[in-house]
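Spelled out from the first residue to the last, the chains are:
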Amino acid sequence: MNMLTGFIEQTSGEIVVDGFDMLKKPKKAKKEIGYMPEGVPLYTDLTVKEFLNKVAGSDPVPGGGSIAALNGAVASALAAMVANLTIGKKNYEEHEELMNHIASLALREKDVFIADIDRDSEAYDAVFTCFKMPKATDEEKAARSAAIQEATKYAALVPMQVARNAYELMSV
């Protein structure tokens, strides 16, 4: 099912749905399936290559907020690595307590950024779901518009928090 919906890259064989090849006409094949997952896939479960292929694809998520969070996670991991390389070294004994603190803080931030990769995609998925709401009557149009506005506001908060967390990490 993950390959049919395009979540996992097809690695071998051929997938044809109602005459549409998943590699040549993925949108038409997915439309024929009529399946939408209950929730956003967890991008953090993908390999780096699979994730980058999703980013390069035609789906709107993962997008900029998820990529910013990924970069924050990488920066945090590198900060932890540098601190950990210093810990236990003879010439840096006087800085060991500070390096332990930095490593701990950086690893905690790394986990926050990793969670934000999926949180950003989930937030934007909620926006796209609102666009699918009915709009036949004036009441439905008003409800749809209000839902889109609220979901968009929330979706903007996720990358803003990622930016704030990245800014705070710079002091480490």
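See the structure above.
Bear in mind that the values here come from a model prediction, so they are computed numbers and not experimental data.

Reading the values: rules and limits
Residues numbered from 1 in each chain as written. Predicted model: local features only at pLDDT ≥ 70, side-chain atom pairs only at ≥ 80, totals over all residues. Heavy atoms only, no water. Helix = DSSP H or I, 4+ residues; strand = E, 2+ residues; numbered from the N terminus. Expected span 1.5 Å × (residues − 1). Contact = heavy atoms within 4.5 Å. Patch = residues over 30% accessible without salt bridge, like charges linked within 9 Å, V, L, I, M, F, W, Y side chains within 5 Å. Areas by Shrake-Rupley, 256 points an atom, 1.4 Å probe, with all protein chains shown as cover. Salt bridge = Lys/Arg side-chain N within 4 Å of Asp/Glu carboxyl O. Buried < 20%, exposed > 50% of the residue type's maximum accessible area, 1.4 Å probe, protein only. Lys, Arg positive; Asp, Glu negative; His and termini not counted. Core = buried A, V, L, I, M, F, W, Y, C linked by side-chain atoms within 4.5 Å. Axes fitted to C-alpha atoms, helices over the stretch in contact; angles between N-to-C directions. Parallel < 35°, antiparallel > 145°, perpendicular 65-115°, else oblique. Left-handed = near helix turned anticlockwise from the far one by under 90°.

Draft legend 1. Representation of helix α3 (residues 64-86). Its 23 residues give α3 an end-to-end C-alpha distance of 33 Å, which sits within 8% of 33 Å, the value for a rise of 1.5 Å per residue. In this structure, the buried side of α3 is in contact with α4 (96-131) and α5 (138-169). One or two positions beyond α3, positive phi appears at G88, with a value near 85°.

Draft legend 2. Molecular detail of a nonpolar patch on the surface. Together, V74, L78, M81, V82 and L85 give the surface a local cluster of nonpolar side chains, amounting to about 440 Å² of exposed area. With respect to the helices and strands, the residue V74 is situated in helix α3. The class of V74 is partly exposed, set by a relative accessible area of 41%.

Draft legend 3. Local environment of the pattern of salt bridges. Considering all chains together, one arrives at 4 salt bridges under this definition. In this structure, K110 engages D111 in a salt bridge whose closest nitrogen and oxygen atoms are separated by 3.1 Å. Classification of D111 as partly exposed rests on a relative accessible area of 45%. The closest approach of N and O atoms between K153 and E150, which form a salt bridge, is 3.7 Å. Placement of both K153 and E150 in helix α5 is noted, with a separation of 3 residues, approximately one turn of the helix.

Draft legend 4. Representation of α5. Between its terminal C-alpha atoms α5 stretches 47 Å, which fits the 46 Å expected from 32 residues at 1.5 Å a residue. By the burial criterion, the buried members of α5 are R144, I148, A151, A155, V158, V162, N165 and L169. Check the buried side of α5 and you find it contacts α3 and α4.

Draft legend 5. Layout of unusual backbone geometry. The step from V61 to P62 runs through a cis peptide bond, and the omega angle for that step is 5°. Residue position: P62 is located in the loop between α2 (48-56) and α3.

Draft legend 6. Structural context of the side chain of E109. Its place among the elements puts E109 in helix α4. Here E109 is buried and forms no salt bridge, its nearest opposite-charge partner R108 lying at an N-O distance of 5.4 Å. For E109, the residues in contact, after removing those within four places along its chain, are S76 and N165.

Draft legend 7. Main features of the nonpolar core. Counting residues in each nonpolar core, the largest one holds 10 residues, listed as Y43, L46, F51, V61, A69, A73, F113, I117, V162 and L169. For this core, the secondary structure elements donating two or more residues are α3, α4 and α5. Once residues within four sequence positions are removed from consideration, A73 is found in contact with K110, F113 and I114. With 7 residues, the next largest nonpolar core counts A123, V127, C130 and A155 among its residues.

Draft legend 8. Quick look at the environment of E96. Tracing the backbone shows E96 in helix α4. Using a relative accessible area of 27% as the deciding quantity, one classes E96 as partly exposed. Residues E96 and T86, 10 residues apart in the sequence, show an inter-C-alpha distance of 7.4 Å. Those residues in contact with E96, other than ones at most four positions away along the chain, are I87 and G88.

Draft legend 9. Inspection of the packing of α3 against α5 at higher detail. Packing of α3 against α5 leaves a shortest axis separation of 9 Å and a crossing angle of 20°. Of the possible angle classes, the one that applies to α3 and α5 is roughly parallel. Crossing geometry of α3 relative to α5 is assigned as left-handed. Each of G65, A68, A69, G72, A75 and S76 in α3 lies in contact with α5, whose residues at this interface are P159, V162 and L169.

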